[in-house]
Amino acid sequence: MEASHSFAEFAAPLYVAWEITHHCNARCLHCYSASGPDSPVDDALPLDQALALIDQLADAGVLVLAFSGGEPLMHRYWEQLVGHAAERGLNVNVGSNGSCITVRNADRLKELGVKSVTVSLDSHQAPVHDHFRQLDGLHAKAVAAIRCLVERKMRVVVGYTPTRLNRADGMGVIALAHELGADAVNLSEFVPAGRGGIDLALSPDELHQTLQEWIGAREAYKGRMEIMWHDCRVALLVTDEEKRNYVGCGAGRLVARILPNGAVTPCVFLPTEIGQVPAMPFAQMWQEAQLLSQFRAREGHVGGNCGGCPHLQSCGGCRAVAYAYSGGDPLAGDPHCWVRHHSSELSALFAAGEGLPV
């Protein structure tokens with residue numbers, strides 16, 4: 001991809017994650033938003049402004065709107081927001097810890113037109129999961145939620161984030177997800193943000209090894225359940241011909257995050273604000289924010305090991321990891337770059353599992 005870009009190319013993000021509340025009944029050790037029971041329940045946009053924001057996203061051309069938190073189903077008006085987003089033609093995903101997915105709420109999610117629900121499982125072992133989430137009994141509720149959604153023939157994605165506390169449990173999570181009837185399992189790289197500290201992060205080699213394990217699982221479950229992951233560095237592994245299909249880090253290009261108060265950031269793990277709605281229209285800040293322009297151009301802006309890399313335009317390094325390890329510079333190099341020289345066969349396998357948790 002060239003350093004200069006057309007207006008149309010970045011007219012809107014493909015995927016927007018909207019943390020509609022930071023209130024949550026869990027206090028997860030790795031939470032990137034530091035949500036919890038002590039977070040206020042009234043920290044969100046008023047309903048009229050929230051509905052207007054959905055209209056802005058739909059009008060801008062956003063394809064996927066993921067409602068998250070906190071626990072989004074603890075938001076007072078979650079049904080109105082989810083229903084309006086679906087009515088406006090957005091592909092709606094709801095990300096939940098499973099605790100609020102009762103029979104009634106599962107029925108409502110289906111009635112409202114939700115396309116998929118992502119339920120988090122940090123381990124197949126209840127004690128590990130509950131410790132990770134700091135809420136006793138949450139593993140059982142997450143399992144029950146998955147079963148409830150599967151019974152209603154909704155698309156269910158199990159979300160798993162490997163850290164040094166639960167890295168060994170990935171294959172167990174996949175096996176449990178398949179047993180429960182989930183449609184997919186998504187691996188999301190842990191990025192130190194919010195409450196999640198650097199001490200939880202895998203080393204580059206451990207992350208690399210974990211992705212290789214998931215490649216094996218993807219083949220083993222082929223035709224039975226999707227195994228997905230997202231890592232912006234995958235673009236470094238594909239052939240030159242395939243590189244045109246990859247943008248690497250999606251911050252400011254494919255994804256954006258909205259906080260409960262309307263603040264907008266380039267991705268869910270990056271706290272740097274580019275503006276706030278309703279003070280500024282979403283489409284305007286997406287098109288005009290200086291940081292996003294720097295992310296998109298990359299050359300002359302992104303530094304460190306990424307700045308001098310020949311793959312700068314097809315990868316760019318993870319901007320959130322750069323921020324976390326540099327002390328707050330989103331344009332620094334990416335110290336988690338795990339890429340090594342691989343055979344073309346292995347590179348293709350890394351690329352095949354790329355996807356979003358929806």
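Now for a description of the structure that goes with this document. Predicted model only: the values in this text are computed from it and were never measured. (Residues numbered from 1 in each chain as written. Predicted model: local features only at pLDDT ≥ 70, side-chain atom pairs only at ≥ 80, totals over all residues. Heavy atoms only, no water.)

## Considerations on the overall build of the chain
In terms of helices and strands, the chain carries 12 helices and 10 strands. Intrachain contacts of the chain at a sequence separation of at least 6 include 71% that bridge at least 24 residues. Carbon and sulfur atoms form 52% of the exposed surface of the chain, whose accessible area is close to 14,400 Å². (Helix = DSSP H or I, 4+ residues; strand = E, 2+ residues; numbered from the N terminus. Contact = heavy atoms within 4.5 Å. Areas by Shrake-Rupley, 256 points an atom, 1.4 Å probe, with all protein chains shown as cover.)

## Concerning the environment of Phe269
As for its position among the elements, Phe269 is in the loop between strand E9 (263-265) and strand E10 (275-276). If near-sequence neighbours (up to four positions away) are discounted, Phe269 is found in contact with Tyr32, Ser188, Glu189, Val191, Ala193 and Ala320.

## Digging into the packing of aromatic side chains
For the coordinates displayed, the defined rule picks out 4 aromatic pairs. Relative to Trp214, the ring of Tyr160 has its centre 5.7 Å away and its plane inclined at 10°; by these criteria the two rings are stacked. Of this pair, Tyr160 sits in strand E5 (residues 155-160) while Trp214 sits in helix H7 (residues 204-220), placing them 54 residues apart in sequence. The interplanar angle of 10° and the centroid separation of 6.3 Å between the aromatic rings of Phe282 and Trp286 together place this pair among those described as stacked. Of this pair, Phe282 and Trp286 both sit in helix H8 (residues 282-288), 4 residues apart, which is roughly one turn of the helix. Across from the ring centre of Trp286, 4.8 Å away, lies the NZ or CZ of Arg296, which sits over that ring. (Phe/Tyr/Trp six-rings, centres within 6.5 Å; stacked < 30°, edge-to-face > 60°. Lys NZ or Arg CZ within 6 Å of the ring centre and 35° of its normal.)

## Side note on the sheet that holds E10
Spatial ordering of the open sheet is given by E7-E6-E5-E4-E3-E2-E1-E8-E9-E10, a layout of 10 strands whose pairing is mixed. The sheet is open, and its two borders are formed by strand E7 (226-230) and E10, each paired with just one other strand. The pairing of strand E1 (residues 15-19) with strand E8 (residues 255-258) spans 4 bridges and is parallel. When the sheet's bridge partners are listed, Ala17 is paired in E8 with Arg257. The sheet contacts of helix H1 (residues 47-60) involve E1, strand E2 (64-68) and E8, and relative to E1 the element is tilted by about 170°. Against the sheet, helix H6 (residues 170-180) touches E5, strand E6 (184-188) and E7, its axis set at about 165° to E5. (Pairing = 2+ DSSP bridges. Axes fitted to C-alpha atoms, helices over the stretch in contact; angles between N-to-C directions.)

## Points about the side chain of Glu79
Looking at the secondary structure, you find Glu79 in helix H2 (residues 78-87). In this structure the side chain of Glu79 is engaged in a polar contact, spanning 2.9 Å, whose partner is the side chain of Arg104. Looking at Glu79, its side chain comes within polar contact range of the side chain of Arg108, at 2.7 Å. Dropping the residues within four chain positions of it, Glu79 is found in contact with Arg104, Arg108 and Leu112. (Polar contact = N/O pair within 3.5 Å; in protein donor to acceptor, adjacent residues only side chain to side chain.)

## Some points on unusual backbone geometry
For the bond from Gly69 to Gly70, the omega torsion is 20°, close enough to zero to count as cis. Note on placement: Gly70 falls in the loop between E2 and H2. Across the junction of Val277 and Pro278, the peptide omega takes the value 5°, indicating a cis bond. Here Gln134, not a glycine, exhibits a phi torsion of approximately 55°, which is positive. As for its placement among the helices and strands, Gln134 is situated in the loop between helix H4 (126-133) and helix H5 (138-151).

## Let's talk about the nonpolar core
Judged by nonpolar contacts, the single largest core of 88 residues is most densely connected at Trp18, Leu65, Phe67, Leu149, Val185 and Phe282. For this core, the element with the most residues is H5, which contributes 6 residues. Each residue touching Leu65, except ones within four places of it in the same chain, is listed here: Val16, Trp18, Ile54, Leu57, Ala85, Leu90, Asn91, Val92 and Asn93. Residues Cys24, Cys28, Cys31 and Leu138 belong to the second largest nonpolar core, which totals 5 residues. (Core = buried A, V, L, I, M, F, W, Y, C linked by side-chain atoms within 4.5 Å. Buried < 20%, exposed > 50% of the residue type's maximum accessible area, 1.4 Å probe, protein only.)

## Here we look at empty space enclosed by the protein
Going through the model one piece at a time under the given rule, you end up with 2 cavities of 30 Å³ or more. Here the largest cavity defines a volume of roughly 40 Å³. Surrounding the largest cavity, Cys249, Ala251, Arg253, Phe295, Arg298, Val302, Gly316, Gly317 and Arg319 form its lining. Partitioning the lining of the largest cavity into residue classes produces 4 nonpolar, 2 polar and 3 charged. By volume, the second largest cavity amounts to about 40 Å³. As for the second largest cavity, its lining consists of Pro162, Glu189, Phe190, Leu202, Leu207 and His336. A per-class count over the lining of the second largest cavity returns 4 nonpolar, 1 polar and 1 charged. (1 Å grid on protein atoms, 1.4 Å probe; cavity = no way out; pocket = protein on both sides within 12 Å on 5 of 7 lines; lining within 4 Å. Points joined across faces, edges and corners; volume = space filled by probe spheres on them. Nonpolar A, V, L, I, M, F, W, Y, C, P; charged D, E, K, R; others polar.)

## Looking at H4
Residues His129, Asp130, Phe132 and Arg133 constitute the buried set of H4. For H4, the angular spread of buried residues about the axis comes to 160°, placing them on one side. For H4, the elements touching its buried residues are strand E4 (116-120) and H5. Directly after H4, the chain includes Gln134, whose backbone phi takes a positive value near 55°. (Arc of directions from axis to C-beta.)

## Side note on the pattern of salt bridges
Scanning the model with the defined rule gives 12 salt bridges in all. Across the pair Asp55 and Arg88 runs a salt bridge, and its minimum N-O distance is 2.9 Å. Here Asp55 is found in helix H1, whereas its partner Arg88 is found in the loop between H2 and strand E3 (91-96), with 33 residues between them in sequence. Assessed through its relative accessible area of 24%, Asp55 is described here as partly exposed. On the basis of relative accessibility, which here comes to 32%, the residue Arg88 falls in the partly exposed class. The partner of Arg88 in a salt bridge is Asp59, and the shortest N-O contact between them spans 2.7 Å. Of this pair, Arg88 sits in the loop between H2 and E3 while Asp59 sits in helix H1, and the two are 29 residues apart along the sequence. What makes Asp59 exposed here is its relative accessible area of 59%. (Salt bridge = Lys/Arg side-chain N within 4 Å of Asp/Glu carboxyl O.)

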